[in-house]
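Structural characterization, general
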Amino acid sequence: MSITPESVEQLLNSEDFGERLRAVNQLRQLDPAIAYKLIQIAIGDKNVRVRYAAVSQISTLGTQNLPNALEVLRNSLNNDPEPDVQAAAADALGALKLTDALEDLQQVYSSTSEWLVQLSIVAALGEMGDPKAFPMLENALTSENELIQTIGISALGELGDKRALPLLLPYASNADWQIRYRVAQALGRLGGTEAEAALEILAKDEVEQVAQEAKVGQENILKL
């Protein structure tokens, strides 16, 4: 049976959540403009898995109507009762670089106790590349959750704001090699003499992945 807008819409309105979930996946095979209109049905679905799948897909379909995508994702971020859906909304906001949602992201980050939501928000801020996100990412480095700290380091590198250098340099000697790896990655994006000096040390790191990333960072700085 061929997949058509009519067949997908019928599945989206099914009583069977499995069929509704299948419909969300089938949206990928439709014209994006049509798919974007239909996905609105799934955004408000009563089943969390359907909502999660739909919100996640907005990261690509949202380009069809960015003002509406901003509104939809803001609503999911602020009002959905499920952390997974909130996290997916943050991911999509980052992917679409919808910087108008910065205040929403800040408010949710400060008010939620869900680490997954906070993690997605930090990653999204790095993707957005807006300097106004710097204080929020600086705050992420103080998180008690090491994973949020690690993603915060990466996000500061993506942001490209040189104010991050004094924040990141102390982590270059962290006992966790994965943090050193992220620092090497970030320093290669930020550049500057202090970054070069730290990368020179990291290029001799006992962990091969760290040393290799530091060498890549050194090459990147030469291109800046």
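Residues numbered from 1 in each chain as written. Predicted model: local features only at pLDDT ≥ 70, side-chain atom pairs only at ≥ 80, totals over all residues. Heavy atoms only, no water.

Counting secondary structure elements, the protein chain contains 14 helices and zero strands. Along the chain direction, N to C, the helices and strands of the protein chain fall in the order α-α-α-α-α-α-α-α-α-α-α-α-α-α. Taking the contacts inside the protein chain whose residues are at least 6 apart along the sequence as the reference set, 62% of them involve residues at least 24 apart. Carbon and sulfur atoms form 48% of the exposed surface of the protein chain, whose accessible area is close to 11300 Å². Distance between charge centroids for the protein chain: 3 Å, based on 18 positive and 32 negative side chains. (Helix = DSSP H or I, 4+ residues; strand = E, 2+ residues; numbered from the N terminus. Contact = heavy atoms within 4.5 Å. Areas by Shrake-Rupley, 256 points an atom, 1.4 Å probe, with all protein chains shown as cover. Lys, Arg positive; Asp, Glu negative; His and termini not counted. Charge placed at Lys NZ, Arg CZ, Asp CG, Glu CD.)

Within the largest apolar cluster, 76 residues are counted, with the highest numbers of intra-cluster contacts made by L73, L93, L105 and L202. Among all residues touching L73, those that are not within four sequence positions of it are V55, I58, A89, A92, L93, L96 and L98. (Core = buried A, V, L, I, M, F, W, Y, C linked by side-chain atoms within 4.5 Å. Buried < 20%, exposed > 50% of the residue type's maximum accessible area, 1.4 Å probe, protein only.)

On to the pattern of salt bridges. Considering all chains together, one arrives at six salt bridges under this definition. D104 serves as the salt-bridge partner of R74, at 2.9 Å between the closest nitrogen and oxygen. Of this pair, R74 sits in helix α5 (residues 66-79) while D104 sits in helix α7 (residues 102-111), placing them 30 residues apart in sequence. On the basis of relative accessible area, R74 is assigned to the partly exposed category, the value being 29%. Relative accessible area serves as the criterion here: at 14%, D104 is assigned to the buried category. As a salt-bridge pair, D205 and R180 come within 2.7 Å of each other at their nearest N and O atoms. (Salt bridge = Lys/Arg side-chain N within 4 Å of Asp/Glu carboxyl O.)

Its boundaries defined by the atoms lining it, the largest pocket holds a volume of some 160 Å³. Forming the boundary of the largest pocket are E146, L147, T150, D176, W177, Q178, I179, Y181 and R182. Within the residue set of the lining of the largest pocket, elements represented by two or more residues are α10 (146-159) and α12 (177-190). Looking at the lining of the largest pocket, the element that brings in the most residues is α12, giving five residues. Grouping the amino acids of the lining of the largest pocket by side-chain chemistry returns four nonpolar, two polar and three charged. (1 Å grid on protein atoms, 1.4 Å probe; cavity = no way out; pocket = protein on both sides within 12 Å on 5 of 7 lines; lining within 4 Å. Points joined across faces, edges and corners; volume = space filled by probe spheres on them. Nonpolar A, V, L, I, M, F, W, Y, C, P; charged D, E, K, R; others polar.)

Glancing now at the packing of helix α2 (residues 17-26) against helix α4 (residues 48-61). Between α2 and α4, the least distance of the axes is 9 Å, while the angle of their chain directions is 10°. The angle between α2 and α4 places the two elements in the roughly parallel class. Every residue of α4 that contacts α2 at F17, R20, L21, V24 and N25 is listed here: R49, V50, A53, A54 and Q57. The class makeup of the residues in the contact of α2 with α4 is six nonpolar, two polar and two charged. (Axes fitted to C-alpha atoms, helices over the stretch in contact; angles between N-to-C directions. Parallel < 35°, antiparallel > 145°, perpendicular 65-115°, else oblique.)

What follows covers the side chain of E213. The topology assignment puts E213 in helix α14 (residues 208-223). For E213, the side chain forms a polar contact with the side chain of Y181, separated by 3.3 Å. Leaving out residues up to four positions away in the same chain, E213 has contacts with Y181, A184 and Q185. (Polar contact = N/O pair within 3.5 Å; in protein donor to acceptor, adjacent residues only side chain to side chain.)

With 16 residues, α14 should cover 22 Å at 1.5 Å per step; its first-to-last C-alpha distance of 23 Å lies within 8% of that length. All of the buried residues along α14 are V210, A211, E213, A214, G217 and I221. Seen along its axis, α14 keeps its buried residues to an arc of 165°; they face one direction. Across from the buried face of α14, at angles greater than 90 degrees, the exposed residues are E208, L222 and K223. Residues of α14 that are buried make contact with α12 and α13 (193-202). (Expected span 1.5 Å × (residues − 1). Arc of directions from axis to C-beta.)

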